[in-house]
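# Notes for the structure review
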Amino acid sequence: MSRQRADSQGSLGPDDEVMPYSDDETDEELGGSSEEEGDGPPAPHPPLEARTTDVSWKVKANDRAYHQLPEFQRKVFLCIKKSKYSENGIKTHKYNALTFLPLNLLEQFKRVANLYFLVLLILQIIPQITTLPWYTTLIPLVLVLGITAIKDLADDLARHRMDKEINNRKCEVLLDGSFQESKWMHMQVGDVVRLKKNDFVPADILLLSSSNPNSLCYVETAELDGETNLKFKMGLRVTDEKLQGERQLAQFDALIQCEEPNNRLDKFVGTMAWDMERYPLDLDNMLLRGCKIRNTEECHGLLIFAGADTKIMRNSGKTRFKRTKIDELMNYMVYTIFVVLIVVAAGLAIGHTFWYEEIGLKAWYLVDDKDQEVSYRGFLSFWGYIIVLNTMVPISLYVSVEVIRLGQSKFINWDLQMYYPEKDTPAKARTTTLNEQLGQIEYIFSDKTGTLTQNIMAFKKCTIAGRTYGDPTNAEGVSLDRGRPVDFGWNRHADKKFQFVDHSLVTCIRSKKDKDALEFFKLLSLCHTVMVEQKEDELLYQAASPDEGALVTAARNFGFVFLTRTQDTITISELDQETTYHMLALLDFNSDRKRMSIILRFPDGRIRLYCKGADTVIYERLSPQSRNKETTQNSLDAFANETLRTLCLCYRDVPQDEWDVWARKHKEAAVATSNRDEALDRVYEQIENNLMLIGATAIEDKLQDGVPETIAKLAKAEIKIWVLTGDKKETAENIGYACELLTDNMHIHYGEDVNEKLRLRQANRRNQPLASGRRKKAQEQFFPEPGKNALVITGGWLNEILYEKKKKRRRLKLRRLGKRAAAGSPQDGQPIDEWEKEMRQVDFVDMACECEAVICCRVTPKQKANVVSLVKKYKKAVTLSIGDGANDVNMIKTADIGVGISGQEGMQAVMSSDYAFAQFRFLQRLLLVHGRWSYIRMCKFLRFFFYKNFAFTLVHFWYSFFSGYSSQVAYEDWFITLYNVCYSSLPVLLVGLLDQDVNDKLSLKFPKLYLPGQLGALFNYRNFFISLFHGIFTSLIIFFIPYGAFLQTMGQDGEAPSDYQSFAVVTASSLIITVNLQISLDTSYWTFVNCFAVLCSIAIYFGIMFDIHSAGIHVIFPSIFTFTGAASNALRQPYLWLTIILTVGVSLLPVICIQFLHKTIWPSVGDKVQRNRKKYELEEEERKRPATAAFRRGGRSRRSAYAFSHSRGYADLIASGRSIRRRPTVAAGRGGPRHDGIREAENI
């Protein structure tokens, strides 16, 4: 029931049952509707020929040369032209053997830091400027570029392998008059192809004929939408009759004219011109790429859209380069360091200018015989300090970050708790660049089918004649605490996967004493549109929806087995007694009727109508004499509170004379030329009355394991979950309750309410003065009243609210009239300008974000991506999208993090995702454990990395005050080269890889630990400047304490070791010990590896230092290794060791005090959990509470989701006989003449 739309036009609101248009919708599709918005009457539709004259996509069968004609060429570059028809090969890789090196280097030098160090290397080659040897920059730069290039090469090789696997799949193509095996990538538009059972469809193909009657072809669309139930496609009758043999297919020369390639999975419009006739084409005639052929031995088709033009590829969306917030912040911080570096270098260059003018020119021992101006010397000094202080910009930062991310990705891949043994599917991190972003998620956008649910329906309970079955009981009906599954061994047709725990119902059925129970299951076995296939003495059911399959399977297990059907009969086995019923009429489901009926003639001549449907429509049509209405109603309420999908079953006996009258009316309505569906519905109403209630079924739409618990845990971590699904509103809402996203104490707002609230807010804004209205947006809440709110909105209302449909239709109409779009007026419901449209979007996002839960249903893939974009744009929030089908790919690519569910559904979503696993419940571990750990580790790594580089580099700054600002370095050259590579890299890398404040169990137990990541509290500009000042303090201590110790000192041998080289050794030794002990203080999780890394780094430093200060290496390379004997000379003096110990102690003591005070006086949540870790771990072991499902009385009634959500079944197919039409004899060709002797639909 839809209300009046809350806008000034006063037209009805959008239909909640239909999927709204996408941006690729053709003008023809909107033509009629746009005209209806005008003042005059709608124009009649033009004839078919007129409507297709503008169609530019033309496909000629069996004629590859046709598609290379000049009229189908498009300009690619300058005068180079190429066919507009895409090739069928796909390309996701970035490089080939020739382009890898130049393109990869080009990409790497787009990073400002890499480009900076390249410029620095060039400067170091210039003799007048250089203050450091060129190898001090070249070695780290080559390491960084090399490691990154190897990683990029490995990623691209994986993409090459995937592309090669898909493009090299084989398919039979009609070439030179016969079918030949061809690779997918060699197929072209206009080719005729042959597909066989279980083949994937290689492109968007027009179905011509199949081995089934009437060219029926059954496909599984799991790759497209995640749904595993089969859908049927059908070829045109003319192609079915004339194109069976190879020779006829080779002579096929039709011209197809259709819509341009677009992303609409639910729409296709075109015509086929052949033999002087034109035939309309629609989506039922198309096999889309990504579908899988099922229950069809072979079929033939014509390739219409190939490769990038296919609908599944059009829905993939644009591949976006994703970067984390920390990446962006890190880049800004590097820019900040650049500025600081330039300012410091300029200041020191000015200092050198004044110093040289005042002192340098007057000191005879400083004369260098260079005739240079003082200002020129200052200029050279500036560049010299740029080189000396270059380590402020850490070149090894980026490669260290990549190593840490790679390690964190491997930990995700190796996590056995995210491994799904049933499908042998481990978790997979398909990117290595986004791990820490997993610790900052604020919004999750989830698909429903196959993501939250298993898309498996299970018959759980039922009520028959007022008695409820389904709870654990024994054969006598005594309730049990724990039941064991019923043994259906007595039934040879029983489905072994079916489970039921109420033994009393089986006893009742087998005793044949309860006629209502027998009638109940007889109805389920007869009133449906399921197709059956017999395979090796096993019955395989194919239903239009999983619900219907579950009901027929339940009847089968209880002894009422659906065996076979023809156009007008249906045969079942009733407790091992086979009976055939004559089907007089089949009244199928649709979204308005919310019920289906079947009228049967029994073997004894009786006519009976069986009906099943939503209780809201069934109860209106019950006879006053019908019994058990109240008890059944109570059972329905109980089922609804358990979030089961309910359906009422009833029947009535139809007298022969009434049937004769009704059959005539039905025949007249069936052949009506206009409003046929409405006429049929009216006729159906006349016979679906005075029904006798039998009972009701309760089906569980099985959620994946752990979904409610996962959602609850993520909610505690302040992560909001929005469900975006193409399913109908009732289905989506029912699942919302089942997974506890929606609760009974929530106030739910629907599209019309939302539209009205937004309209009022817009009107208030228009009434405000222009300046104040645009200066700031209104801050008042949309839901000021207390209580929780939820939003359930359909795709149609979403377009209405965001002006999308109005905008497109208005633009189209004005374009047809040759006018330009004018600004809207406050009276026409249009936005006045772009600012008002933007504010409308902001209002909608603000309203949605005030709600505890948001469910968007009947939305297109494009709308899913748009909703994600709105939240990203206006909330500046980190978003995650999770889905399992091709219709989720656009959403997955748009979000900051994309997660694909892998398993029984297609792999399209997984191939486009950043992370993949098999079950939704693994999401909590991915975020609350791996995401949080990755974020904490990366933040700690970055803080310490900046600190150790500032502490290292700023010693040069303090030294410059005592060296005449001469760009003299404070350390030995090789120490500068190896500092970030060998001496201080390993401990901080291990912290970035292994550190954890609390273990995984406590991370899941306390979701509040996740909040600092959402707030970005662990790494921001504040933390950056703390690291900067900490580095300044450490550099001051490291320089001035040794400097003071070296003044007026005397060694044990009577010499004064106050030379520059000894000073360099002492400061370097103090720095290495300080930074390695500092990272030890910051380590929360100690392992043997961490301890070894700290000690090993210090040992490596002393080992290398003694080697490069030895006389032996000086003899070999006298100009490179100049600190001969400096280390051994300095470090044999005990007071210099005391100096080092004092320096280290003074550097670390303030840090220890601050950390102690902080954890004692201002502890964080993590500190508190860490302090009580043992207690919590003990509680976790002792806590063993059995999970009990609470029964909620008096809750909101939620039922009949099956009847509301069930799509149209196979009734038309069955009743029309199209599935069993006798095939005409065809001319001699492949296979020769064919006859259908048995008029049954078992051959699906």
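Residues numbered from 1 in each chain as written. Predicted model: local features only at pLDDT ≥ 70, side-chain atom pairs only at ≥ 80, totals over all residues. Heavy atoms only, no water.

### Description of the overall build of the protein chain
Along its length, the protein chain carries 44 helices and 35 strands. Counting only residues that meet the buried cut, the protein chain has 56% of its 1244 residues in that class. Across the protein chain, contacts joining residues at least 24 apart in sequence account for 75% of those joining residues at least 6 apart. Accessible area of the protein chain: about 54700 Å², with a carbon and sulfur share of 55%. (Helix = DSSP H or I, 4+ residues; strand = E, 2+ residues; numbered from the N terminus. Buried < 20%, exposed > 50% of the residue type's maximum accessible area, 1.4 Å probe, protein only. Contact = heavy atoms within 4.5 Å. Areas by Shrake-Rupley, 256 points an atom, 1.4 Å probe, with all protein chains shown as cover.)

### Overview of a nonpolar patch on the surface
On the surface, a cluster of nonpolar side chains totalling about 580 Å² of accessible area is made up of V112, Y332, Y335, Y1021, F1025 and F1029. Within the residue set of the nonpolar patch, elements represented by two or more residues are α10 (325-358) and α35 (1021-1046). With three residues, the single largest contributor to the nonpolar patch is α35. For Y335, the position within the fold is in helix α10. For Y335, a relative accessible area of 35% gives the class partly exposed. (Patch = residues over 30% accessible without salt bridge, like charges linked within 9 Å, V, L, I, M, F, W, Y side chains within 5 Å. Salt bridge = Lys/Arg side-chain N within 4 Å of Asp/Glu carboxyl O.)

### A few points about the packing of α10 against helix α12 (residues 396-414)
Direction vectors running N to C along α10 and α12 enclose 165 degrees, while the axes themselves pass 13 Å from each other. Relative to α12, α10 is oriented roughly antiparallel. Two packed elements cross with a definite hand, and for α10 against α12 that hand is right-handed. Touching D327, M330, N331 and V334 of α10 are L397, Y398, V401 and R405, all from α12. (Axes fitted to C-alpha atoms, helices over the stretch in contact; angles between N-to-C directions. Parallel < 35°, antiparallel > 145°, perpendicular 65-115°, else oblique. Left-handed = near helix turned anticlockwise from the far one by under 90°.)

### Let's talk about the pairing of strand β7 (residues 204-210)
Judged by how many residues are buried, β7 sits mostly within the fold: seven of seven residues are covered. In the sheet, β7 pairs with strand β15 (residues 298-305) via six bridges, with the strands oriented antiparallel. Across the sheet, residue I205 finds its bridge partner in β15, namely L303. (Pairing = 2+ DSSP bridges.)

### Examining the environment of T860
Within the secondary structure, T860 is located in the loop between β32 (853-857) and α27 (861-875). The exposure class assigned to T860 is buried, which follows from its relative accessible area of 6%. Between the alpha carbons of T860 and N887 there is a distance of 7.7 Å; along the sequence they are 27 residues apart.

### Remarks on the sheet that holds strand β26 (residues 607-613)
Two strands in a sheet stick together by hydrogen bonds in their backbones, pointing the same way (parallel) or opposite ways (antiparallel). The strand order β19-β18-β28-β27-β26-β25-β24-β23-β22 describes an open sheet built from nine strands, whose pairing is antiparallel. Both outer strands of the open sheet, β19 (467-469) and β22 (560-565), are each paired with one neighbouring strand and no more. Neighbour-to-neighbour, the strand axes of the sheet open up by a mean angle of 30 degrees, direction not taken into account. Pairing of strand β23 (residues 569-574) with strand β24 (residues 577-587), which is carried by six bridges, proceeds in the antiparallel orientation. By the bridge assignment, E574 is partnered in β24 with Q577.

### Description of the pattern of salt bridges
In this structure the tally under the stated criterion is 40 salt bridges. We note a salt bridge from R64 to D191, for which the minimum N-O separation is 2.7 Å. With R64 in the loop between β1 (57-60) and β2 (73-77) and D191 in the loop between β5 (178-183) and β6 (192-196), the pair connects residues that are 127 residues apart, well separated along the chain. By relative accessible area, R64 is classed as partly exposed at 29%. Across the pair K864 and D888 runs a salt bridge, and its minimum N-O distance is 2.7 Å.

### What about helix α30 (residues 922-960)?
One turn of an α-helix holds 3.6 residues; hence residues three or four places apart share an orientation. End to end, α30 covers 56 Å across 39 residues, agreeing with the expected 57 Å (1.5 Å per residue, within 8%). Residue G931 marks the point of greatest curvature in α30, where the axis turns by about 30 degrees. Most of α30 is tucked away: 38 of the 39 residues are buried. (Expected span 1.5 Å × (residues − 1). Bend = angle between axes of the 7 residues up to and from the residue.)

### Here's the deal with the state of the cysteines
This structure, assessed with the given rule, holds zero disulfides. Summary of cysteine pairing: C217 is not part of a disulfide, and the nearest cysteine sulfur, belonging to C299, is at 4.0 Å. (Disulfide = S-S within 2.5 Å.)

### Topic: the sheet that holds strand β12 (residues 277-281)
Taken together, four strands build an open sheet; the order of strands is β1-β10-β11-β12 and the sheet is antiparallel. Each edge of the sheet is formed by a strand with only one pairing partner; in this case those strands are β1 and β12. This sheet shows a mean twist of 20 degrees between the axes of neighbouring strands, independent of strand direction. Relative to β12, strand β11 (residues 270-274) is paired through five bridges, and the arrangement is antiparallel. Looking at the pairing, M272 lines up with Y279 of β12.

### Some words on the packing of aromatic side chains
Summed over all chains, the structure comprises 65 aromatic pairs. Ring centres 5.6 Å apart and planes at 50 degrees place the aromatic pair F944 and Y947 in the tilted group. Taken together, the positions of F944 and Y947, both in helix α30 and three residues apart, correspond to about one turn of that helix. Both residues of the pair, F944 and Y947, belong to the buried class. On the basis of an interplanar angle of 10 degrees and a centroid distance of 5.2 Å, the ring pair of F952 and Y971 is categorised as stacked. Taken as a pair, F952 in helix α30 and Y971 in the loop between α30 and α31 (973-983) lie far apart in primary sequence, 19 residues in all. (Phe/Tyr/Trp six-rings, centres within 6.5 Å; stacked < 30°, edge-to-face > 60°.)

### Here we look at the confidence of the model for the protein chain
Confidence along the protein chain averages 81 in pLDDT terms, with 84% of residues attaining 70 or more. Mean pLDDT per element in the protein chain: helix α2 (residues 48-52) is the minimum at 36, and α30 is the maximum at 94. Note on residues 1187-1196: pLDDT under 50 across the span, and 14 contacts to partners over four residues away in sequence or across chains. Across residues 1221-1244, confidence stays below pLDDT 50; counting only partners more than four residues off in sequence or on other chains, it has 61 contacts. (pLDDT = per-residue confidence, 0-100.)

### So, a negative patch on the surface
Judged by side-chain charge, E422, D705, E709 and E740 come together as a negatively charged surface patch. Mapped onto the fold, E740 is located in the loop between α21 (729-738) and β30 (746-749). (Lys, Arg positive; Asp, Glu negative; His and termini not counted. Charge placed at Lys NZ, Arg CZ, Asp CG, Glu CD.)

### Considerations on the nonpolar core
In terms of nonpolar packing, the biggest core is built from 97 residues, with V393, F941, L942, F946, F975 and L1071 touching the most fellow members. Considering each element in turn, this core owes the most residues, 17 residues, to α30. Contact partners of L1071, with chain neighbours within four places excluded, come to A951, F952, Y971, F975, Y979 and I1038. (Core = buried A, V, L, I, M, F, W, Y, C linked by side-chain atoms within 4.5 Å.)

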